[in-house]
Amino acid sequence: MKIQDYEKALVFTIWGQWDDLLVLMVRTKDDLLSKRIEIFLHAFHYPSEQHAVVKSHEELIQYIDHAMGHTTLYALDV
C-alpha cells in the first residue's frame, strides 16, 4: 500500500478537498480506506444528523492515523 494515499487522504480531509478525496477513494487499493472515505462523504453530503458526520469524520482520521503507523517503509514506491 502506498503511504502517499494516507497522506493525501489526511490532507484532503483536513482541508475539505472533497473532490480530491472522492478521486482518491476510487483510485486507492486500500479497500478499508476507500470504504471509510465513502462513509464520510455520504454522511457529509446527506446529513441526517450532525453526530453522524462528526463520527464518520473521526473514524476516517483515526483509520488514516492507524494505517500510517502500521505501514512500513517497504510500501513506499521509490
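Data block above holds the structure.
The residue count restarts for each chain, going from 1 along the sequence in the order it is written. With pLDDT at 70 or above as the cut-off, local features in this predicted model cover only qualifying residues; side-chain atom pairs require 80 or more to be listed or tallied, and sums for whole chains, interfaces and linings still use all residues. The side-chain figures draw on all heavy atoms in the structure; neither hydrogens nor water molecules are used.

### A closer look at the pattern of salt bridges
Counted as salt bridges are all cases of a side-chain nitrogen of Lys or Arg within 4 Å of a carboxyl oxygen of Asp or Glu. Throughout the structure, instances matching the rule amount to three salt bridges. Two residues, Glu59 and Lys55, come together in a salt bridge whose shortest N-O distance is 3.9 Å. Of the two residues, Glu59 and Lys55 are both situated in helix H4 (residues 50-70); the distance of four residues between them amounts to about one turn of the helix. Taken together, the salt bridges that share partners define one network made up of Arg36, Lys55 and Glu59. Put simply, DSSP marks the helices as runs of H or I at least four residues long and the strands as runs of E at least two long, and each gets a number from the N terminus on.

### Remarks on the environment of His66
Looking at where His66 falls in the secondary structure, it is placed in helix H4. Distance from His66 to Tyr6, taken between C-alpha atoms, is 9.8 Å for residues 60 residues apart in sequence.

### Re the packing of helix H3 (residues 31-45) against H4
Structural elements are reduced to axes, namely lines fitted to C-alpha atoms, with helices fitted over the stretch in contact, and the angle between N-to-C directions of any two is expressed from 0 to 180 degrees. Axis separation between H3 and H4 bottoms out at 8 Å; the angle between their running directions is 160°. The angle between H3 and H4 falls in the class roughly antiparallel. The two elements H3 and H4 cross, and the hand of that crossing is left-handed. Residues Leu32, Leu33, Arg36, Ile37, Ile39, Phe40, Ala43 and Phe44 of H3 pack against Ala52, Val53, Ser56, His57, Glu59, Leu60, Tyr63 and Ile64 of H4. In terms of residue class, the contact of H3 with H4 is made up of 12 nonpolar, two polar and two charged. In these notes the angle categories are as follows: under 35 degrees is roughly parallel, over 145 is roughly antiparallel, 65 to 115 is roughly perpendicular, and the rest is oblique. Handedness of a crossing is defined here by the sense of rotation of the near helix relative to the far one, left-handed for an anticlockwise turn of less than a right angle and right-handed for a clockwise turn. Whether two residues are in contact is decided by their heavy atoms, any of which lying within 4.5 Å being enough. The classification used treats Ala, Val, Leu, Ile, Met, Phe, Trp, Tyr, Cys and Pro as nonpolar, Asp, Glu, Lys and Arg as charged, and all other residues, Gly among them, as polar.

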